[in-house]
Amino acid sequence: MDTKLTLKLNRHIIEKAKEYASNKKMSLSRIVEAYLQSLTSENDTSEFEISPFVKSISTGTEIPADLDYKKEYSDFLIEKYK
């Protein structure tokens, strides 16, 4: 059963998200649903790969496509516990 959800987001982010959804020939609702499903699922068998753009929406920052998150996290921990 589908339920309506209202979100307040930055207008610029909404415009970029709508453009992204249009380019992927998907609804924005479907993309948000898939993203939330991937966040809350027990296993990582998501139907969609979450693109760097969609990830950047959740944090408000841009994520480079070639980001080595393991190295970044390792560097963060090294710096934190010096």
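It should be emphasised that the depicted structure is a prediction, and the values quoted were computed from it without experimental measurement.

A surface patch of nonpolar side chains, amounting to about 550 Å² of accessible area, comprises Leu-5, Leu-7, Leu-9, Val-32, Leu-36 and Leu-39. Within the secondary structure, Leu-5 is located in the segment before α1 (11–23).

We now examine the pattern of salt bridges. For the structure on display, the rule yields three salt bridges. Glu-33 serves as the salt-bridge partner of Arg-30, at 3.6 Å between the closest nitrogen and oxygen. With Arg-30 and Glu-33 both in helix α2 (residues 28–40), this residue pair falls three residues apart, about one helical turn. Classification of Arg-30 as partly exposed rests on a relative accessible area of 29%. Residue Glu-33 is classed as partly exposed on the basis of its relative accessible area of 47%.

The next subject is the nonpolar core. Grouped together as the largest cluster of nonpolar side chains are eight residues: Ala-17, Tyr-20, Ala-21, Ile-31, Tyr-35, Ile-50, Phe-53 and Val-54. Counting only elements with at least two residues in this core, the list comes to α1, α2 and α3 (52–59). Top contributing element to this core by residue count: α1, with three residues. Beyond its immediate stretch of four places on either side in the chain, Tyr-35 contacts Ile-50, Val-54 and Ser-58.

A few words now on α2. Because an α-helix completes one turn every 3.6 residues, residues spaced three or four positions apart along the sequence face the same direction. Spanning 13 residues, α2 covers 18 Å between terminal C-alpha atoms, matching the ideal 18 Å at 1.5 Å per step. Among all positions of α2, only Ile-31, Ala-34 and Tyr-35 are buried. One side of α2 holds all its buried residues, which, seen down the axis, span an arc of 100 degrees. Turned more than 90 degrees off the buried face of α2, the exposed positions are Ser-29 and Thr-40.

Residue-level pLDDT values for the protein average 83, and 88% of them are 70 or greater. Model confidence for the protein, summarised as mean pLDDT per element, is weakest for α3 at 72 and strongest for α1 at 91.

The rules behind these values
- Residues numbered from 1 in each chain as written.
- Predicted model: local features only at pLDDT ≥ 70, side-chain atom pairs only at ≥ 80, totals over all residues.
- Heavy atoms only, no water.
- Patch = residues over 30% accessible without salt bridge, like charges linked within 9 Å, V, L, I, M, F, W, Y side chains within 5 Å.
- Areas by Shrake-Rupley, 256 points an atom, 1.4 Å probe, with all protein chains shown as cover.
- Salt bridge = Lys/Arg side-chain N within 4 Å of Asp/Glu carboxyl O.
- Helix = DSSP H or I, 4+ residues; strand = E, 2+ residues; numbered from the N terminus.
- Buried < 20%, exposed > 50% of the residue type's maximum accessible area, 1.4 Å probe, protein only.
- Core = buried A, V, L, I, M, F, W, Y, C linked by side-chain atoms within 4.5 Å.
- Contact = heavy atoms within 4.5 Å.
- Expected span 1.5 Å × (residues − 1).
- Arc of directions from axis to C-beta.
- pLDDT = per-residue confidence, 0-100.

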